[in-house]
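Okay, here's what each chain looks like letter by letter:
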Amino acid sequence: MPNPIPILNAANAVNLAQEIINGKVSIHHTMLDPFTSLTQFEMTSMDSNLALQSYEWNLESYVSDGYWQVVDSGSGGAEAVAAFGGVFDGLSTQHRLNVTVELLDLENNTLVNASRTYAYEMAQVTFVTRDTVSLAPLAGTELQIATESGQLFIQSATTNSDGTKPAWFKPGSYSVYASSPDYQSSAVGFATSVEEPQWVYINMTSTESGLVGSISGQVVNQNDEPIAGASVRISGGEQTNGYFASAVTNSAGEYVISNISKTASNGQPIPSFIMEASASMHSTVVREEVIVLAGLDRAENFRLNEVIYTEGVIYESSFEDGLGGWEATGMWHLEALPGNSLYNLLVEGGYVAFAPDELSDFAYLPQAIHGNFVWWYGEADTGTFIGTQREGDYPLSGGMSVSSNDGTLTSPPISLSDASNPQLDLQTWWEIESVNPNSNGFDLMHIAISQDGENFITVRTLNPYVDPNDSDRDAKPFSSAGFNRMPVWANETLDLSSYAGSEIRIRFTFSTIDSLYNGFRGWVIDNLRVVDISYDEVSPSLASGKVKATKSEAFMKQHRLPLVQPNATQQTTERENRENNY
């Protein structure tokens, strides 16, 4: 037959007709209250000839391995717009609503059935409110959410006894506003994702703490991929003697630096700060004129492009082969730190306070950066630099010694005769007192250089020009991460180009100055290198739009170049009286 009659597949025709009817049902969802796992649904008929008569629904949340669990269900009658709510599993991000609907065909006065599966995703966020100084959780803090456009959700909530509050959102950008009695109000912007549960920290400043703020953010590469283990530091320039607090990014590239005082130790305001973000084999980005907002947390994100550079190693040691020509006095000694092996016994004895962000049950010394051995100013029998503890020492004193102590660690001769751009690069970790840690105070940490092996000139002091604004700080530490924070490894660099062509020795000096507040973990050094560096241009294929941060002369002088610094110290009358009366 030249024109055969087409064969109609009745089953396919029926299925197609049903799909058309199913498509007449419209569903969308909203979250009226982000602090509950309740989704509000609205369902309507998009065909004016089909009216909703009744419906049944169930809500499923994804568990794992292709398994969905029914978590809520219900039914309803004839409505122009069916509105109902379903509670989903808050631990899951994927959900689906299954609906069976009975529709009345108004033209034919017949009933037809439709079914829909409506899938959606919800991001889980846990808010954490805490005191920006002590990191203590703040229960009862009122939270309110705003969308990216600034529209506020009607519902607010208060944090639980541990300072936390879970919430659920459609993926997007939001802000959270926090208020608590005796604290300055705070606001934090955040973006939600269904990739994994998120934690949003809201650091709040008490009205008594004065001008204190915090900075948080993310460090990513040129492809916007997070960089774990990047170092982020903050400096007030000459007013804080360079960097005074540091943080290391987590696996998501996130960091937080809290308890940033906007007032220098001389009482003068610090108008702006300098921040530096760095990571191995990435560009270092320096950002000047960073404004810290009093009582608020602000975001400061960094993009570090991958770089290619060459370096000639002049001298390097991770101290795995013994003394290697190094000379040590006082408590400086080589110590094996392969992991959690030594910790501060004075914390256990109640003489020194535990930093609120410590991750372990004990105040451990750090794991060596490379290999097992480090140089440490401290003693293994106490995990501190207290030496002999004074009889009659009392709880939360900060640790009282029978006398002051000090020591030097001096490198072997290092020849820079063939170097053109030499640089000192080392990893340092430290914890000292917080009563007067400033560079004219106590527990001083100096780096000095000599060109004749005898006369050493102090060119860098690690102590900050900062005395914390906490009147109750005798037992609290000041560390490489800042006041009352767990110490972190920080990368210290020093431009040695002014010594090119000569032979130098490097000396590290630690001095308690007096016998008070000596129950802390001291100064640790590892992976010291002197290198001759030259940078190559980065291939655009590796780093499109390379960021080349400019560094002002003031920055270079304060943070990179050797700067002769006096060894002046100050003994306050209050400290003299306390030292002499015990």
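First, a word on what this report is: a plain description of the structure on this page. Treat the numbers as computed from the prediction; the structure is a model and nothing was measured. (Residues numbered from 1 in each chain as written. Predicted model: local features only at pLDDT ≥ 70, side-chain atom pairs only at ≥ 80, totals over all residues. Heavy atoms only, no water.)

Attention now goes to the overall build of the protein chain. The helix and strand inventory of the protein chain stands at 4 helices and 36 strands. Counting the 582 residues in the protein chain, one finds 50% classified as buried. Restricting the contact set of the protein chain to residue pairs at least 6 apart, pairs at least 24 apart contribute 73%. As displayed, the protein chain offers around 26,400 Å² of accessible surface, 48% of which is attributable to carbon and sulfur atoms. (Helix = DSSP H or I, 4+ residues; strand = E, 2+ residues; numbered from the N terminus. Buried < 20%, exposed > 50% of the residue type's maximum accessible area, 1.4 Å probe, protein only. Contact = heavy atoms within 4.5 Å. Areas by Shrake-Rupley, 256 points an atom, 1.4 Å probe, with all protein chains shown as cover.)

Its identity is not glycine, yet Asp224 carries a phi of approximately 60 degrees, on the positive side. The residue Asp224 is located in the loop between strand S15 (212–220) and strand S16 (231–235) in this model. Using a relative accessible area of 48% as the deciding quantity, one classes Asp224 as partly exposed. With a phi angle near 50 degrees, Asn527 is a residue other than glycine that sits in the positive phi range.

A few words now on the sheet that holds strand S7 (residues 110–121). Working definition: the strands of a sheet are paired by backbone hydrogen bonds and lie parallel or antiparallel to each other. Strand order across the open sheet formed by 4 strands is S4-S3-S6-S7, with antiparallel pairing between neighbours. Two strands lie at the open edges of the sheet, namely strand S4 (67–76) and S7, each paired on one side alone. Between one strand axis and the next, the sheet turns through 20 degrees on average, direction left out of account. (Pairing = 2+ DSSP bridges. Axes fitted to C-alpha atoms, helices over the stretch in contact; angles between N-to-C directions.)

It is worth spelling out the side chain of Asn463 at this point. With respect to the secondary-structure elements, Asn463 resides in the loop between strand S31 (457–461) and strand S32 (477–479). There is a polar contact of 3.0 Å between the side chain of Asn463 and the backbone oxygen of Asp443. (Polar contact = N/O pair within 3.5 Å; in protein donor to acceptor, adjacent residues only side chain to side chain.)

Below, the discussion takes up the environment of Glu492. Along the chain, Glu492 falls in strand S34 (residues 490–495). Taking the C-alpha atoms as reference, Glu492 lies 5.5 Å from Leu426; in sequence the two are 66 residues apart. In contact with Glu492, other than residues within four places in its own chain, are Arg233, Leu424, Asp425, Leu426, Thr428, Arg460 and Leu462.

Here the focus is the sheet that holds strand S2 (residues 38–45). Taken in spatial order, the 3 strands of this open sheet run S1-S2-S5, and their pairing is antiparallel. The two strands at the open ends of the sheet, each matched to only one other strand, are strand S1 (25–30) and strand S5 (81–87). The mean inter-strand angle of the sheet, taken between neighbouring strand axes irrespective of direction, is 25 degrees. Direction of pairing for S2 relative to S5: antiparallel, over a ladder of 7 bridges. Note on S5: the bridge partner recorded for Glu42 is Ala83.

What follows concerns the pattern of salt bridges. Applying the stated rule across the entire model yields 10 salt bridges. Across the salt bridge formed by Asp47 and Lys24, the nearest N and O atoms sit 3.7 Å from each other. On the criterion of sequence distance, the pair formed by Asp47 in the loop between S2 and strand S3 (50–64) and Lys24 in the loop between helix H1 (10–22) and S1 is long-range, its members being 23 residues apart. Close ionic contact of Glu300 with Arg287 constitutes a salt bridge, the shortest N to O distance being 2.9 Å. With a gap of 13 residues between them, Glu300 in the loop between strand S21 (297–299) and strand S22 (302–303) and Arg287 in strand S20 (residues 285–290) connect regions that are remote in the sequence. (Salt bridge = Lys/Arg side-chain N within 4 Å of Asp/Glu carboxyl O.)

By the alternation rule, side chains of S2 split into Thr39, Phe41, Met43 and Ser45, which are all buried, and Leu38, Gln40, Glu42 and Thr44, of which none is buried. The sheet contact formed by S1 and S2 spans 6 bridges and is antiparallel. Of the residues in S2, the one forming a bridge with His28 is Glu42.

With 45 residues, the main nonpolar core has Trp332, Leu496, Phe508 and Trp523 as its most contacted residues. Sorting the residues of this core by element identifies helix H2 (345–348), strand S26 (373–377), strand S29 (422–433), strand S30 (444–450), strand S35 (503–511) and strand S36 (522–535) as the ones contributing at least two each. Setting aside anything within four residues of it in sequence, one finds Leu496 in contact with Leu416, Pro422, Gln423, Leu424, Ile449, Ile504 and Val530. (Core = buried A, V, L, I, M, F, W, Y, C linked by side-chain atoms within 4.5 Å.)

A regular strand carries its side chains on alternate faces of the sheet. Here S3 pairs with strand S6 (residues 94–105) via 11 bridges, running antiparallel. Within the sheet, the bridge partner assigned to Ser61 lies in S6 and is His95. Where S3 hands over to S4, the hairpin turn is made up of 2 residues, of which Asp65 adopts a positive phi near 50 degrees.

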